[in-house]
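Chain by chain, the residues run as shown.
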Amino acid sequence: MNEHYPFINPPLPYEYDAIEPYIDTQTMRLHHNRHLQTYIDRLNSILKDHPEYQTLSLEQLLMSTDSMPAETRTDIKNNAGGVYNHIFYFMNLQNPAPKTPPAPLLPFLESKYKSLDVFEEILTKAALSVFGSGYAWLVINAFGNPDIITTANQDTPLTMNMYPLLNVDVWEHAYYLKHYNKRADYVQDWLQVINWNRVNQNYLNYTKRYLF
């Protein structure tokens with residue numbers, strides 16, 4: 001993640017057409033170059049007038065919004081969330097992708113969901129349950145267990161004392177050009193391009209940060 005203001009739009013770790021045919025090239029370009037860039041531009045514009053926040057990372061900004069003045073709180077929360085959530089989403093995609101998570105992530109998931117198929121079924125239901133715009137997430141909850149949650153708009157699990165491992169963007173701009181209004185088709189395609197090695201690394205980062 002970007003360290004602090006001024007935030008920049010990091011390049012994708014793959015070409016725009018690399019996720020074809022699951023996510024189309026034009027969607028990837030618009031999603032990364034316009035939607036994410038807009039959140040970055042707005043966040044930088046807000047922070048330009050608030051030097052007291054300019055040394056904070058994205059995570060620190062999001063964790064600090066409750067203590068911010070009301071006139072800036074919502075704008076910083078929404079735009080910092082938009083930056084964080086989008087970067088996290090893009091970084092967890094790969095094509096071709098591993099078919100299954102490696103250890104130690106797989107046994108961690110199986111400890112609750114019994115199998116990858118069950119996990120994917122529950123995650124899909126969560127993604128389809130989001131009313132309007134938002135995300136479905138695989139997180140580690142406050143008790144150190146895997147959990148599947150949803151968030152609205154650009155809210156993040158960070159402010160709920162949860163550690164994110166994976167997210168699927170279900171705003172319509174993430175899939176409408178290829179899948180139209182068929183969110184279920186998009187989610188099934190997205191499941192084919194999860195970078196499980198990266199998600200496993202997210203889990204390892206958690207264990208290093210909180211368990212050792």
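Structure: see above.
Now for a quick tour of the structure. What you see is a predicted model, and the numbers here were worked out from it, not measured in a lab. Sequence order as written defines the numbering, with residues in each chain counted from 1. Residue-level local features of this predicted model are given only where pLDDT is at least 70; pairs of side-chain atoms are given and counted only at 80 or more, and the full residue set underlies all totals for whole chains, interfaces and linings. Only hydrogens and water are removed before side-chain values are computed, so all heavy atoms of the structure are retained for them.

Moving on, we get to the sheet that holds strand β2 (residues 146-152). Think of it this way: DSSP has to see at least two bridges between two strands before they count as a pair. The helix count covers DSSP runs of H or I at least four residues long, the strand count covers runs of E at least two residues long, and both are numbered beginning at the N terminus. Sheet architecture is open: three strands sit in the order β2-β1-β3, paired in antiparallel fashion. Looking at strand neighbours, the two that pair on one side only are β2 and β3 (163-169), the edges of this open sheet. The sheet shows a mean angle of 25° between the axes of neighbouring strands, taken without regard to direction. Sheet topology places strand β1 (residues 134-140) next to β3; six bridges connect them, and they run antiparallel. Residue pairing for β3: Leu138 is matched across the bridge by Leu166. Under this scheme, a helix contributes an axis fitted over its contacting stretch, all axes are lines through C-alpha atoms, and angles between N-to-C directions fall in the 0 to 180 degree range.

With that out of the way, let us pick up the packing of helix α4 (residues 105-113) against helix α8 (residues 196-210). Direction vectors running N to C along α4 and α8 enclose 80°, while the axes themselves pass 9 Å from each other. The orientation of α4 relative to α8 falls into the category roughly perpendicular. Counted together, Leu105, Phe108 and Leu109 of α4 and Trp196, Val199, Asn200 and Tyr203 of α8 form the full contact between these two elements. Here the contact of α4 with α8 is built from residues that sort into six nonpolar, one polar and no charged. Roughly parallel means an angle under 35 degrees; roughly antiparallel means over 145; roughly perpendicular covers 65 to 115; every other angle is labelled oblique. In this description, contact between two residues means that some pair of their heavy atoms is separated by no more than 4.5 Å. Amino acids outside the nonpolar list (Ala, Val, Leu, Ile, Met, Phe, Trp, Tyr, Cys, Pro) and the charged list (Asp, Glu, Lys, Arg) are all regarded as polar, and Gly is one of them.

Time to look at the pattern of salt bridges. We define a salt bridge as a side-chain nitrogen of Lys or Arg found within 4 Å of a carboxyl oxygen belonging to Asp or Glu. Applying the stated criterion across every chain yields a total of four salt bridges. Here Glu121 and Lys125 are joined by a salt bridge, their closest N and O atoms 3.5 Å apart. With Glu121 and Lys125 both in helix α5 (residues 116-129) and four residues apart, this pair spans about one turn of that helix.

Turning to the layout of surface pockets, a few remarks are in order. Here the largest pocket is characterised by a volume of approximately 580 Å³. Every definition here rests on a 1 Å grid over the protein atoms only: cavities are sets of points where a 1.4 Å probe fits but cannot get out, pockets are open sets enclosed by protein on both sides within 12 Å along at least five of seven lines, and lining residues have some atom within 4 Å of a point. Residue lining of the largest pocket: 25 residues in total, with Glu59, Leu158, Tyr163, Pro164 and Arg209 positioned closest to the centre. Those elements giving two or more residues to the lining of the largest pocket turn out to be α2 (58-64), α3 (70-91), β3 and α8. It is α8 that contributes the most residues to the lining of the largest pocket, seven residues altogether. In the lining of the largest pocket, the residues fall into 15 nonpolar, seven polar and three charged. Grid points are joined across faces, edges and corners, and a volume is the space filled by probe spheres set on the points.

On to the side chain of His32, then. Within the fold, His32 resides in helix α1 (residues 25-47). Not counting the four nearest positions on each side in its chain, His32 is found in contact with Asn9, Pro10, Pro11, Leu12, Tyr16, Gln37 and Phe90.

Let us now look at the packing of aromatic side chains. For any pair of aromatic rings, the description rests on two quantities: the centre-to-centre distance and the angle between the ring planes. Here the aromatic set is Phe, Tyr and Trp, taking the six-membered ring for Trp, and pairing holds for ring centres within 6.5 Å; pairs whose planes are under 30 degrees apart are stacked, those over 60 apart are edge-to-face, and all others are tilted. Inspection of every chain in the model, using the stated rule, returns eleven aromatic pairs. Between the aromatic rings of Phe88 and Trp137, the centroid separation amounts to 6.0 Å while the plane-to-plane angle is 35°, which identifies the pairing as tilted. Residue Phe88 is found in helix α3, and its partner Trp137 is found in strand β1; the two are separated by 49 residues along the sequence. As far as burial versus exposure is concerned, Phe88 and Trp137 are alike and both buried. One aromatic cluster is present, formed by Tyr84, Phe88, Tyr135 and Trp137 through successive ring pairs. Relative accessibility under 20% of the residue-type maximum defines a buried residue, over 50% an exposed one, and the middle range a partly exposed one, all with a 1.4 Å probe and only protein chains included.

Note that the residue after Tyr5, namely Pro6, is joined by a cis bond; omega there is -5°. Looking at where Pro6 falls in the secondary structure, it is placed in the segment before α1. The amide bond that connects Asn95 to the next residue, Pro96, takes the cis arrangement and shows omega of 0°. With respect to the helices and strands, Pro96 occurs in the loop between α3 and α4.

Geometry only, nothing functional implied.
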